[in-house]
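Tertiary structure, described
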Amino acid sequence: RYNVAHPQKVPVVRLGEDGVRAGLDMRWGLVPFFAHGEPGPYSTINARVESLRTSPAYRGAWQRGQRCLVGARGCYEWQSVAGRKQPWFIACADQPAFAFAGLWDRSVPPEGEPLLSCTIVTLPASPLMAQIHNAKQREPAILRREDLGTWLGGAAEAAFACLRPYPDELRSAWPGSTRVYSPRHEGPELLARVAESAS
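Summary of the structure given here. (Residues numbered from 1 in each chain as written. Predicted model: local features only at pLDDT ≥ 70, side-chain atom pairs only at ≥ 80, totals over all residues. Heavy atoms only, no water.)

With that out of the way, let us pick up the state of the cysteines. Counted according to the given criterion, the structure contains 0 disulfides. With no disulfide of its own, C75 has C92 as its nearest cysteine by sulfur position, at a separation of 8.5 Å. Taking the relative accessible area as the measure of exposure, C75 reaches 12% and is therefore buried. C118 takes part in no disulfide bond, and the closest cysteine sulfur, belonging to C68, lies 5.3 Å away. (Disulfide = S-S within 2.5 Å. Buried < 20%, exposed > 50% of the residue type's maximum accessible area, 1.4 Å probe, protein only.)

Written as structure tokens, this is what we have:
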């Protein structure tokens, strides 16, 4: 996939009850266990690191250790330029694929199958990301390779310490096509570099 939007499904790795890593697809946009399978009125695609341990939407998942890896090759962030938004594609220069730090939950509706969903943790932006995502100055929490196991199965304090900006010198970033505004558009051409002044 080249253009994923909520509430579409994203690839997730979590620990099963047997402690073994398992891969599956989950709805992007966390639906808390207490919501009985019904998405709420507020966006839950991102959990701010400052409040994920206290927010009603996320604290249950955090307390139960329901942490996950959300796999990706890159992501888009939007830069405000002269009254419009220019998408930038962000990737890791040191690895072709990586994992965002995520939380997951299971919510059971009155009728039907349980809903599995997830959210991606966000951090205050690094200097590079602050220039790109200049309106909100946030960034998704990309995990270092050595932190993957700790985030999934480590103690809460150790897992929380994994939530730190990815080094700017290990990122690659370039302005991309505005076609990513619509999830109907899909394909590798969306990753092509465009001039920063292009519309």
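Having seen the model, we can carry on.
Put simply, the largest pocket is a space of about 1300 Å³. Taken together, 43 residues line the largest pocket, and the ones lying closest to its centre are V4, W28, I45, Y76 and W78. Counting residues per element, the ones that place at least two in the lining of the largest pocket are β1 (9–15), β3 (46–48), β4 (67–72), β5 (75–81), β6 (84–92), β8 (115–124) and β9 (138–140). In terms of residue count, the dominant contributor to the lining of the largest pocket is β5 (6 residues). Residues belonging to the lining of the largest pocket are distributed by class as follows: 23 nonpolar, 11 polar and 9 charged. As a volume, the second largest pocket reaches approximately 160 Å³. If you go around the second largest pocket, the residues you meet are L30, V31, P32, F34, A35, E38, P39, G40, P41, Y42, T44 and A57. Taken together, the residues of the lining of the second largest pocket sort by class into 9 nonpolar, 2 polar and 1 charged. (1 Å grid on protein atoms, 1.4 Å probe; cavity = no way out; pocket = protein on both sides within 12 Å on 5 of 7 lines; lining within 4 Å. Points joined across faces, edges and corners; volume = space filled by probe spheres on them. Helix = DSSP H or I, 4+ residues; strand = E, 2+ residues; numbered from the N terminus. Nonpolar A, V, L, I, M, F, W, Y, C, P; charged D, E, K, R; others polar.)

Within a regular beta strand, the side chains point alternately toward one face of the sheet and then the other, so they alternate between its two faces. Within β8, 7 of the 10 residues are buried, which leaves it mostly tucked inside the rest of the structure. In this sheet, β8 lies alongside strand β2 (residues 21–28) in parallel orientation, the contact comprising 2 bridges. Residue pairing across strands places R27 opposite S117, the latter belonging to β8. Pairing of β3 with β8, which is carried by 3 bridges, proceeds in the parallel orientation. Of the residues in β8, the one forming a bridge with N46 is I120. Where strand β7 (residues 98–107) meets β8, 6 bridges bridge the pair, whose relative direction is antiparallel. Paired with G102 across the strands is I120, a residue of β8. (Pairing = 2+ DSSP bridges.)

Within the structure shown, the criterion is met by 7 aromatic pairs. Between the aromatic rings of W62 and F160, the centroid separation amounts to 5.9 Å while the plane-to-plane angle is 80 degrees, which identifies the pairing as edge-to-face. Of the two residues, W62 is situated in helix α1 (residues 59–63) and F160 in helix α4 (residues 156–161); the sequence distance between them amounts to 98 residues. Judged by its relative accessible area of 8%, W62 is buried. For the cation-ring pair, R14 lies above W104, with the distance from its terminal atom to the ring centre recorded as 4.4 Å. One residue, R64, lies across the ring of F33, its end atom 4.5 Å from the ring centre. (Phe/Tyr/Trp six-rings, centres within 6.5 Å; stacked < 30°, edge-to-face > 60°. Lys NZ or Arg CZ within 6 Å of the ring centre and 35° of its normal.)

Let's shift gears to the side chain of T119. Within the secondary structure layout, T119 lies in strand β8. Classification of T119 by relative accessible area gives buried; the value is 0%. Those residues in contact with T119 that lie beyond four places of it in its chain are L30, T44, I45, N46, A47, Y58, A101, G102 and L103. (Contact = heavy atoms within 4.5 Å.)

The next thing to look at is the pattern of salt bridges. Following the criterion strictly, the structure yields 7 salt bridges and no others. Among the ionic pairs, R48 bridges to E50, the shortest N-O distance being 4.0 Å. The exposure class of E50 is partly exposed, given its relative accessible area of 46%. Its salt-bridge partner being R164, residue D147 comes within 2.9 Å of it at the nearest N-O pair. (Salt bridge = Lys/Arg side-chain N within 4 Å of Asp/Glu carboxyl O.)

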